[in-house]
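Commentary on secondary and tertiary structure
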Amino acid sequence: MKVPAERLDQIANRFAELEARMASGQLEGDEFVRASRDYAELEPVAKVAAEVKAARAEIAELEEMLSDPEMKAMAEEELAALRERLPEAERQLAIAMLPRDSADNKPAMLEIRAGTGGDEAALFAGDLYRMYERFAAEQGWKVEPVSLSASEVGGFKEVVANVTGTGVFAKLKFESGVHRVQRVPETESGGRIHTSAATVAVLPEPDEVDVQIDPTELKIDTYRASGAGGQHVNTTDSAIRITHLPTGTVVTCQDGRSQHKNKEKALQVLRTRLYDAQREATQGAEAEARKAMVGSGDRSERIRTYNFPQGRVTDHRIGLTLQKLPQIIAGPGLGELIDALIAEDEAKRLAALNE
């Protein structure tokens, strides 16, 4: 797909305009937030567009040099190299110009819940959480637990965490779904392989300007935290339950000693869930198209199997199996799976655009 020269000029002019606005120092508040977001989204497109424009200009100059006998040999050599590189640059530009999910650059709320499998499912949920923690560290992201419900045998019945950094949702959004594990539990004396599951949900976390919450539409209850957490947690009414009356959405937070901090975290989770509901309601046909590509990411859909006896991980949406389970569950190896999912999504969207 060759992008017209006029479109390259439009991209360059728009980026220069945004640069000038950002450098003016005259933007404040919501206007500055929107301009910053536009700049971050356009910057990678403008960079590739500039490379394509420069390569095309250089090819035109070299073609003119072919008529000069003294320069012809050198021009032919450089032309061959440029003509070989240009199609890939054009392809990268076409991918960069594909319509983007408006939430791609946002931080995310990561929610992991033990599914079928009892204690083994809770242990697996803990394994998944640690996998994402280590992957996030590799990316330079920050993971902050918001709510933890520990299992008696280890692992988690449920864990909710905030993940912040560059491009968090873009990389993690295809992780939503049912993750299945096949392995021999430590408590299994007969050596039989058990199948358990955990659900993962990755929700884009909105800015405050994206979701406005009317305080009068909230019912806020305080209560005494239960479970492990030390005497301060268990003897003070620091736990918070917030009900959003218009939607009936309920969130709780009881992990910190501070009622104020628990309220902040609960509001953060509430804002994220309301934003996700808004996105689902408005995406419509786009959501259906994405489901046909690499899966919807719906939590009811089994997306991946981790087979410990055979040391393999299979992503069922793209039919990819990697014999690298230790590296993947350790965190860093997860990047290969995520990159494959993103590449598949881009390739199919690009093909659809060219039809």
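See the structure above.
In this report, the structure presented in the accompanying data block is examined. (Residues numbered from 1 in each chain as written. Predicted model: local features only at pLDDT ≥ 70, side-chain atom pairs only at ≥ 80, totals over all residues. Heavy atoms only, no water.)

With that settled, consider the overall build of the protein chain. In terms of regular secondary structure, the protein chain is built from 10 helices and 11 strands. When the 355 residues of the protein chain are sorted by exposure, 40% land in the buried category. As displayed, the protein chain offers around 18,800 Å² of accessible surface, 50% of which is attributable to carbon and sulfur atoms. (Helix = DSSP H or I, 4+ residues; strand = E, 2+ residues; numbered from the N terminus. Buried < 20%, exposed > 50% of the residue type's maximum accessible area, 1.4 Å probe, protein only. Areas by Shrake-Rupley, 256 points an atom, 1.4 Å probe, with all protein chains shown as cover.)

Let us look at a negative patch on the surface. The grouping of Glu58, Glu61, Glu64, Glu77 and Glu78 at the surface amounts to a negative patch. For the negative patch, the secondary-structure elements that each account for two or more residues are helix H2 (29–65) and helix H3 (72–96). Here Glu58 is to be found in helix H2. Taking relative accessible area as the criterion, Glu58 reaches 36% and is therefore assigned partly exposed. (Patch = residues over 30% accessible without salt bridge, like charges linked within 9 Å, V, L, I, M, F, W, Y side chains within 5 Å. Salt bridge = Lys/Arg side-chain N within 4 Å of Asp/Glu carboxyl O. Lys, Arg positive; Asp, Glu negative; His and termini not counted. Charge placed at Lys NZ, Arg CZ, Asp CG, Glu CD.)

This next bit is on the environment of Asp127. Of note, Asp127 is situated in helix H4 (residues 119–139). The sequence separation of Asp127 and Gly155 amounts to 28 residues, and the corresponding C-alpha distance is 7.2 Å. Leave out the neighbours within four places in its chain, and Asp127 touches Arg183 and Ile329. Side-chain polar atoms of Asp127 contact the side chain of Arg183, separated by 2.8 Å. (Contact = heavy atoms within 4.5 Å. Polar contact = N/O pair within 3.5 Å; in protein donor to acceptor, adjacent residues only side chain to side chain.)

Of the pairings in the sheet, the one linking strand E9 (residues 302–307) to strand E10 (residues 312–315) comprises four bridges and is antiparallel in character. Residue pairing in the sheet places Thr305 in a bridge with Thr314 of E10. Hairpin connection from E9 to E10: four residues lie between these consecutive antiparallel strands, with Gly311 at a positive phi of about 65°. Alignment of E10 against strand E11 (residues 320–322), held across three bridges, turns out to be antiparallel. (Pairing = 2+ DSSP bridges.)

Along the polypeptide, Gln182 turns up in strand E4 (residues 177–183). If we ignore the near neighbours within four places in the chain, the residues touching Gln182 are Ile193, His194, Thr195, Thr305, Tyr306, Asn307, Phe308 and Pro309.

Turning to the sheet that holds strand E5 (residues 194–204), a few remarks are in order. Strand order in the open sheet formed by eight strands is E2-E3-E1-E5-E4-E9-E10-E11, with mixed pairing between adjacent strands. At either margin of the open sheet sits one strand with a lone partner, and together these are strand E2 (142–150) and E11. When the angles between neighbouring strand axes are averaged without regard to direction, this sheet yields 15°. Judged from the six bridges that link them, strand E1 (residues 108–114) and strand E3 (residues 156–164) form a sheet pairing that is antiparallel. Bridged to Ile112 within E3 is Val159. (Axes fitted to C-alpha atoms, helices over the stretch in contact; angles between N-to-C directions.)

Right, let's talk about the pattern of salt bridges for a bit. By the definition in use, this model includes 20 salt bridges. The salt bridge partner of Glu17 is Arg14, with a shortest N-O separation of 3.2 Å. Note that Glu17 and Arg14 are positioned in helix H1 (residues 5–24) at a spacing of three residues, about one turn of the helix. The exposure class assigned to Glu17 is partly exposed, which follows from its relative accessible area of 42%. Measuring nitrogen to oxygen at the nearest pair gives 2.3 Å for the salt bridge that ties Arg183 to Glu120. With Arg183 in strand E4 and Glu120 in helix H4, this residue pair connects regions lying 63 residues apart in the sequence. For the pair shown, Arg183 and Glu120 are each scored as buried. Ionic contacts of the salt-bridge type, sharing partners, join the residues Glu111, Arg113, Glu158 and Arg273 into one network.

Attention shifts here to the nonpolar core. Ile112, Leu128, Tyr132 and Tyr306 are the most contacted members of the largest nonpolar core, which totals 49 residues. Broken down by element, the residue count for this core peaks at eight residues, all from H4. Those residues in contact with Leu128 that lie beyond four places of it in its chain are Ile112, His179, Ala198, Val200 and Tyr306. In terms of nonpolar packing, the next biggest core, distinct from the first, is built from 21 residues, Ile11, Ala46, Ile59 and Leu79 among them. (Core = buried A, V, L, I, M, F, W, Y, C linked by side-chain atoms within 4.5 Å.)

This part takes up the packing of H2 against H3. H3 packs onto H2 with a crossing angle of 155° between their chain directions and a minimal axis gap of 9 Å. Classed by the angle they form, the pair H2 and H3 counts as roughly antiparallel. The handedness of the crossing between H2 and H3 is left-handed. (Parallel < 35°, antiparallel > 145°, perpendicular 65-115°, else oblique. Left-handed = near helix turned anticlockwise from the far one by under 90°.)

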